[in-house]
Amino acid sequence: GRAMAHSTYNKIWAEAQRSLNGLLEREAEEKSQKPVKDRLLAFQMLGTFYIKYVQIFHSLEAAYDQIVHPQKRLIIRQVLDGVMGRILELKNEMVELEYSEFHYFDDILQDLKLAPDSIDIPIPRYFIKEKLKVLKERERILAQLLLEAGLGHDEPRKSAKVMVLEEAVRLIQIAERARQGRLRATFMKQIYLEEKRERQARLQGGRGPDVDACAVYIQKIWRRHAQLKKTLKLREEEMIFLGMIPPAYFQRPSAALIRAQKVDNLRCEIQEKHESDYQKALVSIKERVKEIEGPDIKESLQDQIRQWFIECRQLTGKFPDYPDEEQGGSTAIFSEKTPEELLQIW
């Protein structure tokens, strides 16, 4: 499962990189030829490049969002930023060519056998993920400022109105009278219903309710309810058959979608853990190299500096001055220049 998913996104990255290399070669060939003077042909060329770069952007963005290897993500990020920059350049060229912000790629999409949503450019997910902590912190600071200024949502709830004793007594009296009125109304309703039953009993000559009539009435109510449910079900099945409404299982998320969301969340956690381990490893490895190989590197550099001074003395007959900080210090000695070139600079 998870290992297979890792290999899948690695393949997506590899395919996107191959497509990008081929597209760069094609662009280089187009630039080496004579400029296209026909405006329609020029737009067709720019539009084709634009759509292909957008497709590569989709693949790279998906790979960058799901791959958990930190070094791979660094490389993909650089390529992804470059692709987005190239998309902006092509968009600007099309605007200057067409004098319009809106372009129609119907014929190009048809030639490439692509759907219209293939040229949609979504906001890269890492834009939000990388700034999520900053956005939350900004919201917290803004809420705190509003609260201190008395404009927060919780402020009106905390404020309490001061009430005098006479007004409080009057409100209690109103509530008590309302309660007594409701009790009196309930009691009067019970008396009315009891009198109504007694009148009906007297009209029927002292006989009780007709059991058969009650049973028939209950049957009518139940049959109406059952037929209504059956009719509604048949109507829903007909609408589903005609494609007017989606089936019921469309309304609830599928198990595959829930599983995919869990995998995405797990990948985000793994990405953060691997990135943290990578940053810690950079520091520890640097310290380890400095501790273990530092003395050997220092001695090797000193030997090179001595050799450089000896070569300069053999050429000029005297030892040169050590380069100062403005000239780069020892960095100038290790630059790819001969002693004669360095002496000419100094």
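The structure we're discussing is the one just above.
Thresholds applied
Each residue is numbered by its place in its chain's sequence as written, counting from 1. Under the rules for a predicted model, residues below a pLDDT of 70 receive no local features and side-chain atom pairs below 80 are neither given nor counted, while totals for whole chains, interfaces and linings still include all residues. Excluding hydrogens and water, the side-chain figures rest on all heavy atoms present in the structure. Only DSSP runs of H or I covering at least 4 residues are called helices, and only runs of E covering at least 2 are called strands; the numbering of each starts at the N terminus. The definition of a polar contact used here is a pair of N or O atoms within 3.5 Å, where within protein one atom must be able to donate a hydrogen and the other to accept one, and adjacent residues in sequence count solely through side-chain atom pairs. Between two residues, a contact is recorded if the distance between any of their heavy atoms is within 4.5 Å. A cavity here means a set of 1 Å grid points, computed over protein atoms only, where a 1.4 Å probe fits but cannot escape. A pocket is an open set with protein on both sides within 12 Å along at least 5 of 7 lines, and lining residues have an atom within 4 Å of a point. Grid points are joined across faces, edges and corners, and a volume is the space filled by probe spheres set on the points. Any residue that is not Ala, Val, Leu, Ile, Met, Phe, Trp, Tyr, Cys, Pro, Asp, Glu, Lys or Arg is counted as polar, Gly included; the first ten are nonpolar and the last four charged. A helix's residues, less one, multiplied by 1.5 Å, set its expected span. Convention adopted: a line fitted to C-alpha atoms gives each axis, helices being fitted over their contacting stretch, and angles between N-to-C directions are expressed from 0 to 180 degrees. By definition in this entry, angles of less than 35 degrees are roughly parallel, angles greater than 145 are roughly antiparallel, angles of 65 to 115 are roughly perpendicular, and the rest are oblique. Working definition: a ring pair exists when centres of Phe, Tyr or Trp rings (six-membered ring for Trp) sit within 6.5 Å. Plane angles under 30 degrees give stacked, over 60 give edge-to-face, the rest tilted. Throughout this description, buried means an accessible area under 20% of the type-specific maximum (1.4 Å probe, protein chains only), exposed means over 50%, and partly exposed covers the range between. Two thresholds decide whether a charge sits over a ring: the Lys NZ or Arg CZ must be within 6 Å of the ring centre and within 35 degrees of the ring normal. By convention in these notes, a salt bridge is any Lys or Arg side-chain nitrogen within 4 Å of a carboxyl oxygen on Asp or Glu. Think of a nonpolar core as a cluster: buried Ala, Val, Leu, Ile, Met, Phe, Trp, Tyr and Cys residues, connected wherever their side-chain atoms sit within 4.5 Å. Distance thresholds for patches are 9 Å for like charges and 5 Å for nonpolar side chains (Val, Leu, Ile, Met, Phe, Trp, Tyr), applied to residues having over 30% relative accessible area and no salt bridge. Surface accessibility follows the Shrake-Rupley procedure with a 1.4 Å probe radius. Residue values consider only the protein chains on display as shielding.

> Looking at this model, I keep getting lost on the side chain of Asp-65. Mind explaining?
Mapped onto the elements, Asp-65 comes out in helix 2 (residues 39-66). Within polar-contact distance, the side chain of Asp-65 engages the side chain of Gln-66 at 2.8 Å.

> Where do I start with the side chain of Glu-27 in this structure?
With respect to the helices, strands and loops of the structure, Glu-27 is situated in helix 1 (residues 2-32). Among the polar contacts made by the side chain of Glu-27, one reaches the side chain of Arg-86 at a distance of 2.4 Å. Beyond its immediate chain neighbours, meaning those up to four positions away, Glu-27 contacts Phe-49, Tyr-53, Arg-86 and Leu-90.

> Just checking my understanding: could you explain the layout of surface pockets for this structure?
The space that makes up the largest pocket amounts to roughly 510 Å³. If you trace the largest pocket, you find 15 residues lining it, with Arg-73, Lys-129, Glu-130, Gln-271 and Glu-272 closest to the centre. Of all elements in the fold, only helix 2, helix 3 (70-98), helix 5 (125-130), helix 6 (132-148) and helix 10 (255-292) reach the threshold of two or more residues within the lining of the largest pocket. Its residues assigned to classes, the lining of the largest pocket shows six nonpolar, one polar and eight charged.

> Even after reading the chapter, I still don't get helix 2, so can you show me in this structure?
For the α-helix, the turn length of 3.6 residues means that residues three or four positions removed from each other point alike. Under the 1.5 Å per step criterion, the end-to-end length of helix 2 is 41 Å for 28 residues, consistent within 8% with the ideal 40 Å. Backbone nitrogen of Leu-40 and a side-chain oxygen of the N-cap are separated by 3.2 Å at the start of helix 2; the cap is Asp-38.

> I would appreciate a short explanation of helix 11 (residues 294-316) in the present structure.
Across its 23 residues, helix 11 extends 33 Å between first and last C-alpha, which sits within 8% of the 33 Å expected from 1.5 Å per residue. Residue Gly-317 follows helix 11 closely and has a positive phi angle near 85°.

> Looking at this structure, I do not really get the packing of helix 3 against helix 10. What am I missing?
Each pair of packed helices can be summarised by the angle the axes make with each other and by the distance between the axes. The interhelical angle for the contact between helix 3 and helix 10, taken along N-to-C directions, is 95°, at an axis separation of 9 Å. By the angle between their directions, the pair helix 3 and helix 10 is classed as roughly perpendicular. When helix 3 is examined against helix 10, the residues Pro-70, Gln-71, Arg-73 and Leu-74 are found in contact with a partner set consisting of Gln-271, His-274, Glu-275 and Tyr-278. The residue inventory of the contact of helix 3 with helix 10, partitioned by class, reads three nonpolar, three polar and two charged.

> What am I meant to see in the packing of aromatic side chains here?
Two aromatic rings, taken as a pair, are described by how far apart their centres are and by the angle between their planes. Enumeration over the complete set of coordinates arrives at four aromatic pairs. Residues Tyr-64 and Tyr-126 carry aromatic rings whose centres are separated by 5.1 Å and whose planes lie at 75° to one another, so their mutual orientation is edge-to-face. With Tyr-64 in helix 2 and Tyr-126 in helix 5, the pair connects residues that are 62 residues apart, well separated along the chain. In terms of burial, Tyr-64 and Tyr-126 fall into one category: buried. Grouped by ring-pair contacts, the aromatic residues Phe-43, Tyr-50 and Phe-105 constitute a single cluster. It is Arg-73 that lies over the ring of Tyr-64; its NZ or CZ is 4.2 Å from the centre.

> Is there a simple way to think about the pattern of salt bridges in this case?
Pairs may arise between side chains of opposite charge once their charged atoms sit close together. Counted by the stated rule, this structure contains 13 salt bridges. Here Arg-179 and Glu-176 are joined by a salt bridge, their closest N and O atoms 2.6 Å apart. Residue Arg-179 and its partner Glu-176 are located together in helix 8 (residues 165-203), separated by three residues, close to a single helical turn. Owing to a relative accessible area of 38%, Arg-179 belongs among the partly exposed residues under this scheme. The partner of Glu-194 in a salt bridge is Arg-197, with the nearest N and O atoms 2.6 Å apart.

> Where do I start with the nonpolar core in this structure?
Within soluble globular proteins, side chains that are nonpolar tend to cluster in buried spots. Among the nonpolar cores identified, the biggest contains 29 residues, and Tyr-50, Tyr-53, Leu-60, Val-83 and Phe-105 are the most heavily contacted of them. Looking at this core, the elements that each hand over two or more residues are helix 1, helix 2, helix 3 and helix 4 (106-112). Here the element with the most residues in this core is helix 2; it accounts for 12 residues. In this structure, Phe-105 is in contact with Phe-43, Gly-47, Tyr-50, Ile-51, Met-94 and Ile-119, ignoring residues within four places of it in sequence.

> Would you take a moment to explain a nonpolar patch on the surface for this structure?
On the surface, a nonpolar cluster with roughly 460 Å² of combined accessible area is contributed by Ile-123, Phe-127, Ile-128, Leu-132 and Leu-135. Broken down by secondary-structure element, the contributors of at least two residues to the nonpolar patch are helix 5 and helix 6. As for its placement among the helices and strands, Ile-123 is situated in the loop between helix 4 and helix 5.

> Explain unusual backbone geometry here, please?
Excluding glycine, a negative phi dihedral is what most residues carry, and trans is how most peptide bonds are arranged. Unusually for a residue other than glycine, Tyr-99 sits at a positive phi of about 55°. Given the relative accessible area of 74%, Tyr-99 is considered exposed. Although it is not a glycine, Lys-113 adopts a positive phi angle of roughly 60°. With relative accessibility at 73%, the residue Lys-113 sits in the exposed group.

> Which parts of the structure should I look at to understand the environment of Asp-264?
Inspection of the secondary structure assignment puts Asp-264 in helix 10. Judged by its relative accessible area of 31%, Asp-264 falls in the partly exposed class. Spatially, the C-alpha atoms of Asp-264 and Gln-66 are 7.3 Å apart, while their sequence positions differ by 198 residues.

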